[in-house]
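# Structural overview
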Amino acid sequence: MKCYKKALSLVLVLAMVVTTVFISAVSVNAAGESQVYFDNSVYKWENVYVYAYGTKENAEWPGQLMTKDDSGMYTMTFPGTYKSENIIFNNGLEKGAGKEQYPENAGLSLKTGQCKLLTADLHWIDYGKVDDHGYGFCYTESGTAFNTDSITVKLGLKNATKGYYSIDGSPNTAYTEGKTVVIGKGKIGNSVTTLTLTATGSDGVKTTQTFTFKKTFTASKTTFSAKSDGHTTEPEAGYYGTNPNMQLGKSKTITVDGSVDDWDSSMIIAQGVANDDPRVYMPSSMHEQPWDAYALYAAWDNDNLYFMWEMANTTYIISPSDNFAASNEARPWRNSIPMYLALSIDPTKQATGKAVGVDKGGNTYTNPFVWGCDGGVAKDGGTGFTTHIDTLIAMDSNNSNGGASIFKADTQDTDGTYMFNYDTRVPIGVTSFQAQDNKNGFKIKYANGTKSSSIIGINAPKGGRVMGDNTNPNSNWADFMDLGYKSNYGFIYEVAIPLSILGIDKEYIETNGIGAMQILTYGTSAMDTLPHDPSVLDNANVPYSYDESTSHEKEDVDNITVPLARVGALLSDTVINEAPFEVNFGADKNSGQAINTEITLSAEDYNSKGNVSYEFFVNDKKITSSGSSAKWTPTSAGSYELKVVATDGSGATCTETREYSIKDTSAELKVGDVDGDGDVSVSDATLIQKYICHVSALDDDALICADMNKDGMINIKDATAIQKFILG
C-alpha cells in the first residue's frame, strides 16, 4: 500500500508535466494541415514560389510566395481542406525570362497531414510532422530498395540539435545533423531494415520516426539462345524473364471464361514487370489508361493453343491523383484497341511486318504494317520484326472488331523476307458483339483480376522515373502487393486458337515447339510486349506529335529484336546457359547489434540440384545449425566474419561471407536513461514506477540506468530523482 501511495503521488506530479507538454503540442498546429519545405541552396532562386493543384489550387500560377524560416528552408502550410495535391516549386518568372521550376511536369504528391521536404539533391522526403516539435529524419526516402550489400544514408534533424538512431533494434546511438549510417550490412537479401530516429526539441517533447529500406537479392537466371530464331538483341535482364525456369507452358485444357482458375505460375512463358509502360516516363501522361503487360501464360491440348496474359494497374499507388487511371474504370476493354499475338511456327520465315493484298480492281498493293495503313502509308507508327515471325493473331481489346484476323506470312517478297497476306487471312472477329461469339473457333474473354501472388515493379512517383531504370537492379524495386495492390484492379485476357487454323497439332507443339510474343498497342504502335522488347520504351520520354502531354511511343515504329518465348519445345539449335548455384545469405538484423543479442543466420539456395546442406561459421568456427539457419549470440564486442558453405545434391558448393560488428554498450549506458533512447525523461521515471510495483520488468542495462542515486537499489527515490532532474 505504501508503494502504491508513493507511486500514485509521483504519477500525479508527472501527469502535470505530461499534460503541459500535450497542451503545448496541440497549440502549434491545426488538425489535418499539411506542410512543404524547399531547400534553395542549389537553385539559389531570389524568390521561391509553391504551386499546389489537385483537389485544391492554392493560387494561380506561379502560386504563393514561400516564407524562409530560421533554418534557411522555405516553407508553406496548407489547411486540412487540401486532401491530395501536386506540388511544384518555381522561381516565379515567366518562360523566356528565366523561368525555373521543379518538377518540370507533374507535381510532387502531398496528402493531408504530411510534412515533406524537397532536399538540395531533389529527394522528396518525410520531414517530421506539421508542428514545432523536434524530429529526426532521413535524407533517403523511406521504402527505398537496393540490390547492393548495403547503402549509406544521411540523417538529419528538424527543430533539434541532437537525436538518436537505432537500426533493427540496435542500441540507441547519438547523432547530429549530417551523420551517415550504413543500412543493410550483414543482412540477408530480400529483407527489410528498420531505422528508428528519436529526437527532443526545445519544448521537451520526444518524437519517434521509423524508416524502412529493403535489401533485395536477384538470383542469376538460366538463359538460352538459338540463332535460327533471328533475334539480334538478348532477352531483357533483371526482373524480366523469357521462359523463366525453362518453363514451356503445359498440356492442359483451358476453359476460356475470363477466370484465372485453370492457370498456375508453372505455365508462365514470359515475365514482365509492373509500372513500366511508356506513360511512366512522361509524368503528364499518367492520367491515361495503363497498357502494362505483366505475365504471359501458355497451354495446349489436342484442339487448341491457349494463352492468358495479366496486365497490371499500379496507378492508384504511384499517382493516386490521376483519378481515372487510378481506378479500375481504366480497364482496357473500354475501347477497341489493337492487340496481337505474334507466333513463330516456321522459324525459317521472317516477316518484316509488311502486308500484301489485292484490291477490288485486281491490283496488288502492299502496306508497311498489317493495321493502321492508308494507301501504303502508316498513319501512326507500327510494329515490325527482325526476330522470325510468320503468324500474327490480330484482335482488339473489347472484342468488338469484326475484322480481327489471323494473318500468315505466306507471300515471299523480292528480298527473300515474307509478307502477311490479306487475302489468305483467317477471320476471328465477332459475329455478334452481344453474344461475343467469334468466327472459326477463336475464343477471347477478359475480366478484372490477377493471378500472380507478387507484382514486382519500381516504386517511384510520377516525375521520378529515368529511362533505363526498368533494367537497373538498384532501382527502387518493390512488390506492389506489399504496398496495398488490389488484385481486382489488374486485368486478364484469355484466348483459345484452334490448332487446325494454325496448321499444326499437339505433337508439333511438343516436338518442334513454337515461338510466341504478346503485343499491346495504343492504336498501331507497340506500347508493351511479353517477352519485353526495348523498342517499346525507346521513345517513351519523347512527346507525342498530337499531344505534348503524352508519349511518342504511340506513333513510333517498333522493331522486335528479342527472342520470343518458346511453347512446348526449344529450337533444335538452342544453346542453354545454366545459371550457377547461388546462395542468398545473411543475418536477420543489421550489423552493429549489442553483446548478447541473438542473431539468426539464414541461407536460401537458387539453381541447386537435389537437396542442399548448409554449414555456418563465425570467424571460421562452425556453429550449430538447423537446416538452412543457425542461431548465434555474441558475447564480446568486435568485428566478425559470418560464413555459410552450401552443398547441393550434385556436390557443387557455394560459399558466402558477410562482415558483421558487435557493440559493447555497457560503457555507453547513461544513468537515468532507463528506456535507452539517449534522453532522461518522464518515460524513464514511469518505467521505474512499473518496475518497483511489479507491473513490468527491466533488463540488465535498464537496471544499471535506473539506479539514478547510485545507492545500489531501484526504488521510488530513483523515480523522484529523475523527476527533479526533468524539472531542473
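One can find the structure itself at the top, above this paragraph.
Figured I'd write up the structure that's included with this text. Bear in mind the structure is a predicted one, so any value in this text is a computation, not a measurement.

## With respect to the sheet that holds strand β4 (residues 67-68)
With respect to topology, five strands assemble into an open sheet ordered β4-β5-β1-β9-β10, the strand pairing being mixed. Because the sheet does not close on itself, it has two edges, and the strands there are β4 and β10 (124-126).

## Points about the sheet that holds strand β14 (residues 163-167)
The strand order across the open sheet formed by five strands is β12-β18-β17-β14-β15, and the pairing between neighbours is mixed. This sheet does not close on itself; its edge strands, each paired only once, are β12 (145-146) and β15 (173-175). In the sheet, strand β17 (residues 191-200) pairs with strand β18 (residues 206-215) via ten bridges, with the strands oriented antiparallel. Counted as the bridge partner of threonine 198 is threonine 208 from β18.

## Things to note about unusual backbone geometry
Along the chain, tryptophan 61 connects to proline 62 via a cis peptide bond; the corresponding omega equals 15°. By secondary structure assignment, the location of proline 62 is in the loop between β2 (49-54) and β3 (64-65). Cis peptide bonds are those with omega within 30 degrees of zero, and the linkage from leucine 530 to proline 531 qualifies with -5°. Among the structural elements, proline 531 can be located in the loop between β42 (526-530) and β43 (543-544). Its identity as a non-glycine residue notwithstanding, asparagine 399 has a phi of 50°, on the positive side. You can see asparagine 399 is positioned in the loop between β31 (391-396) and β32 (405-412). On the accessibility criterion, asparagine 399 (3% relative accessible area) is buried.

## What to know about the pattern of salt bridges
Using the criterion set out here, one finds 19 salt bridges in the structure. Note that lysine 215 is salt-bridged to aspartate 149, the shortest N-O span being 3.1 Å. Of the two residues, lysine 215 is situated in strand β18 and aspartate 149 in the loop between β12 and β13 (151-158); the sequence distance between them amounts to 66 residues. Residue classification places lysine 215 among the buried positions, given a relative accessible area of 5%. Here glutamate 578 makes a salt bridge to lysine 609, at a shortest N to O gap of 3.8 Å. Of this pair, glutamate 578 sits in the loop between β47 (575-577) and β48 (582-587) while lysine 609 is found in the loop between β50 (599-606) and β51 (613-618), placing the two residues 31 residues apart along the sequence. In the salt-bridge network here, residues are joined through shared partners; they are Asp149, Lys215, Glu656 and Arg658.

## Section: the pairing of strand β56 (residues 653-663)
Summarising the sheet, strand β49 (residues 593-594) and β56 pair through two bridges and their orientation is parallel. Across the sheet, glutamine 593 pairs through a bridge with isoleucine 662, a residue of β56. As paired elements, strand β55 (residues 638-647) and β56 share ten bridges and run antiparallel to each other. Directly across from valine 644, in β56, lies its bridge partner glutamate 656. Where β55 hands over to β56, the hairpin turn is made up of five residues, of which glycine 651 adopts a positive phi near 95°.

Conventions used here
Residues numbered from 1 in each chain as written. Predicted model: local features only at pLDDT ≥ 70, side-chain atom pairs only at ≥ 80, totals over all residues. Heavy atoms only, no water. Pairing = 2+ DSSP bridges. Helix = DSSP H or I, 4+ residues; strand = E, 2+ residues; numbered from the N terminus. Buried < 20%, exposed > 50% of the residue type's maximum accessible area, 1.4 Å probe, protein only. Salt bridge = Lys/Arg side-chain N within 4 Å of Asp/Glu carboxyl O.

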